[in-house]
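# Fold and contact review
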Amino acid sequence: MDLSRQECIKLLKDEENQKDLFRKADDIRKQFVGDEVHLRGLIEFSNICRNNCLYCGIRRGNKIVTRYHMSEEELIETAKKAAGIGFKTIVMQSGEDLYYDCDRMCRIIEAIKKFDVAITLSIGERTYNEYKAWRNAGADRYLMRIETTDKDLYHKLDPLMSWQHRFDCLMMIKELGYELGSGIMVGLPEQSIESIADDLLFLKNIGVDMAGIGPFIPHPQTPLASEQGGSLNLALRTMAVMRILMNDINIPATTAMESLHPKGRIMALQAGANVVMPNVTEGEYRRFYELYPGKICVNDTPIHCRSCIGMKIEAIGRKIGTGFGGHKK
Ligand code: SAH
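What comes next concerns the included structure.

What counts as what
Residues numbered from 1 in each chain as written. Predicted model: local features only at pLDDT ≥ 70, side-chain atom pairs only at ≥ 80, totals over all residues. Heavy atoms only, no water. Helix = DSSP H or I, 4+ residues; strand = E, 2+ residues; numbered from the N terminus. Buried < 20%, exposed > 50% of the residue type's maximum accessible area, 1.4 Å probe, protein only. Contact = heavy atoms within 4.5 Å. Areas by Shrake-Rupley, 256 points an atom, 1.4 Å probe, with all protein chains shown as cover. Lys, Arg positive; Asp, Glu negative; His and termini not counted. Charge placed at Lys NZ, Arg CZ, Asp CG, Glu CD. Salt bridge = Lys/Arg side-chain N within 4 Å of Asp/Glu carboxyl O. Polar contact = N/O pair within 3.5 Å; in protein donor to acceptor, adjacent residues only side chain to side chain. Near = heavy atom within 4 Å. Nonpolar A, V, L, I, M, F, W, Y, C, P; charged D, E, K, R; others polar.

### Concerning the overall build of the chain
Scanning the chain from N- to C-terminus turns up 13 helices and 10 strands. Considering the chain as a whole, with its 329 residues, one finds that 59% of them fall into the buried category. Residue pairs in contact within the chain that sit at least 24 positions apart in sequence constitute 76% of those at least 6 positions apart. Carbon and sulfur atoms make up 52% of the accessible area of the chain, which amounts to about 13,500 Å² in all. Computed over 44 positive and 44 negative side-chain charges, the inter-centroid distance for the chain is 3 Å.

### Details of the side chain of Asp 97
Checked against the element boundaries, Asp 97 lands in the loop between β3 (89-94) and α4 (102-113). The side chain of Asp 97 is buried and forms no salt bridge, while Arg 126, the nearest opposite charge, is found at 7.0 Å. One polar contact links Asp 97 to His 69, side chain to side chain, over a distance of 2.7 Å. In this structure Asp 97 touches Ser 46, Ile 48, His 69 and Arg 126, once residues within four positions along its chain are discounted.

### Description of the site of the ligand
Neighbouring the ligand are 17 residues; Tyr 55, Ser 94, Arg 145, Glu 147 and Ile 217 lie closest to it. With respect to the ligand, the side chain of Glu 147 contributes an N or O atom lying 2.6 Å from an oxygen atom. Leu 291 places a polar main-chain atom, nitrogen or oxygen, 3.4 Å from a nitrogen atom of the ligand. Against a free-state accessible area of 550 Å², the protein chains account for coverage of 91% of the ligand. Taken together, the residues that form the shell around the ligand break down as 10 nonpolar, 4 polar and 3 charged.

The structure is reproduced here in structure tokens:
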């Protein structure tokens, strides 16, 4: 459905009537993508990053965090276990860690493809040839948030990165036939409601297949430690407006939402979301992959996270998706 910029702004600002917005987004979700909630097993396989984004807990400049990356075998084994407990999509996410070069990623993708799962990569900005090789090796989807479409703000948040380059990467990914996931954070310092409306229209305009929206949560070991951060309500409204703008895409109930409220993901599932990405990372790595503080489930196991979220989803009358759960247009 089309909404004007003004209409988006009005909905984003209207905290008083947000229940109506959530109900509308929930109705659209039900009508267009049904009651199935698709689960994606998220593997946080490396927190080593060449970038220095001001908001991020695993930025290069954070000298306190314990750095790790899984070995190739460990990553494949983690994916195998996740497939074994029923995940039909594996999301591999990391900092921009060049240890995972083109060939290593190709080998990993080929190995994991044998477990009959869809593969989503979320490993940041790389070259066209790498994206192409990984697509050919069997990767199905790519997830990379634009973070904000306010270019000045983007460049303040990382003076060494280029908004245009990130955008160009998204276009390459789309052209190569990946399902494209992108998204934003809400509540960034100096980010206005008007700018969030622009973000949503941008995501619609580039035709994302998936849009992830989460509140910014200040991390104590970053330059933005004393910022306020985003509110759950604004993040939920943003997500609900996204559902109204793009009726049939996949929209996750994000982990950052649950980190602000114990029912954050369930609230999201009842305000337009149809996807959850439970963590299937093992052991201490969960704790070390600290993008923001207060991250949930850091002491849990994959099987625990799978059954915990499964029960919560069923308790609100929804079902766990049985297929790969790609974007059905
Ligand atoms: N290197 C990959 C993965 C980044 S981490 C990439 O560039 O795509 C995944 C997402 O976590 C980021 O895109 C960002 O939107 C989010 N994130 C990072 N720091 C955060 C924070 N402090 N609060 C909330 N979300 C954060």
